[in-house]
Amino acid sequence: MELKFKKYNKKYLESCANLIRSTWPFEKEFNQPKNPEIIYQSYVLSCEMYSEHLDLIVDEHDNVKGILFGSIENAGFFSQMKYRFKGFKNNFRTLYYLLCGGFGNRRTAWKIRNEHNEIDTLGETTDKQFDSEINLFIVSPDLRGMGYGKKLMDRYIEFCNYNELRSAFLWTDLGCSYNFYERYGFKLYKRFFHGSLSESDKKQPNGMIYYLDIQ
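The structure displayed is predicted, hence computed values, not measured ones.

### Thoughts on unusual backbone geometry
Inference 1: Look at Gln-32: it is not a glycine, yet its phi comes out positive at around 55°.
Inference 2: Mapped onto the elements, Gln-32 comes out in the loop between helix 1 (13-23) and helix 2 (36-48).
Inference 3: For Gln-32, a relative accessible area of 69% puts it in the exposed group.
Inference 4: At Glu-164, a residue that is not glycine, the phi angle is positive and equals roughly 55°.

### Quick word on the packing of helix 1 against helix 2
Inference 1: Packing of helix 1 against helix 2 brings their axes to within 8 Å, and their N-to-C directions diverge by 105°. Classified by the interaxial angle, the pair formed by helix 1 and helix 2 is roughly perpendicular. For the pair helix 1 and helix 2, the contacting residues are Leu-13, Glu-14, Cys-16, Ala-17, Ile-20 and Arg-21 in the first and Pro-36, Glu-37, Tyr-40, Gln-41, Tyr-43, Val-44 and Leu-45 in the second.
Inference 2: Looking at the contact of helix 1 with helix 2, its residues break down into 9 nonpolar, 1 polar and 3 charged.

### What to know about helix 2
Inference 1: With 13 residues, helix 2 should cover 18 Å at 1.5 Å per step; its first-to-last C-alpha distance of 19 Å lies within 8% of that length.
Inference 2: A large share of helix 2 lies buried, amounting to 10 of its 13 residues.
Inference 3: Taken residue by residue, helix 2 has Pro-36, Ile-38, Ile-39, Tyr-40, Gln-41, Ser-42, Val-44, Leu-45, Cys-47 and Glu-48 as its buried positions.
Inference 4: Close packing links the buried residues of helix 2 with helix 1, strand 2 (51-58), strand 3 (64-71), helix 3 (77-99) and strand 4 (132-139).

### Quick notes on the sheet that holds strand 2
Inference 1: Taken in spatial order, the 7 strands of this open sheet run 1-2-3-4-5-7-6, and their pairing is mixed. Both edges of this open sheet fall to strand 1 (4-7) and strand 6 (187-192), since each of them pairs with a single strand only. The sheet shows a mean angle of 25° between the axes of neighbouring strands, direction not considered.
Inference 2: The pairing of strand 2 with strand 3 spans 7 bridges and is antiparallel. Paired with Asp-55 across the bridge in strand 3 is Leu-68.

### Let's talk about the environment of Tyr-210
Inference 1: By the secondary structure assignment, Tyr-210 is in strand 7 (residues 207-213).
Inference 2: Sequence-wise, Tyr-210 and Phe-169 are 41 residues apart; in three dimensions their C-alpha atoms are separated by 5.5 Å.
Inference 3: Ignoring any residue separated from it by four or fewer positions in sequence, one finds Tyr-210 in contact with Ala-168, Phe-169, Leu-170, Thr-172, Tyr-178, Glu-182, Phe-186, Lys-187, Leu-188 and Tyr-189.
Inference 4: Among the polar contacts listed, one links the side chain of Tyr-210 to the side chain of Glu-182, at a separation of 2.5 Å.

The rules behind the values
- Residues numbered from 1 in each chain as written.
- Predicted model: local features only at pLDDT ≥ 70, side-chain atom pairs only at ≥ 80, totals over all residues.
- Heavy atoms only, no water.
- Helix = DSSP H or I, 4+ residues; strand = E, 2+ residues; numbered from the N terminus.
- Buried < 20%, exposed > 50% of the residue type's maximum accessible area, 1.4 Å probe, protein only.
- Axes fitted to C-alpha atoms, helices over the stretch in contact; angles between N-to-C directions.
- Parallel < 35°, antiparallel > 145°, perpendicular 65-115°, else oblique.
- Contact = heavy atoms within 4.5 Å.
- Nonpolar A, V, L, I, M, F, W, Y, C, P; charged D, E, K, R; others polar.
- Expected span 1.5 Å × (residues − 1).
- Pairing = 2+ DSSP bridges.
- Polar contact = N/O pair within 3.5 Å; in protein donor to acceptor, adjacent residues only side chain to side chain.

Here's what the structure looks like:
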């Protein structure tokens, strides 16, 4: 398999969505969605919206095999305007498909959307100001254990150093391979709970915020 690093652009939206769908089949949360692929495309766009680092691994057929999107948290005025414009487009697109039944039952879809917004808020609630957030990080199952996750993360650290970003954070949950972050050097910053995350037991937090000080 011949693999290359490329920068994300809209032609890779469908392939990114397919990778996420093959790993995180969260269409199961929805009630008879007419267009399940839209669920994953909307997720990719929501992660891309605030990201400046848009790194992909693609194979010889230009299929996406790995993704790492990262932000610059203290972005300038024009970047903030760009983010708002992207946000407006993505929200309009999501609302259109929601009303048309693309996500299935509207009430269920709206409930899931609100839950995801709640989790994002919990995952981004910190007392410390970090310079960057990892918005999306995933490697195809057939590449795991081969060092490609580390390569993606190393390239992200290069991006942070180039932009003089000295810290980064992300949120994850118990259902994800969070041990990778600990092996890479991330430290646990905070735990939180949300009922819709994996292993939902109110006696134990099921979400975690990790951070990394960048040298």
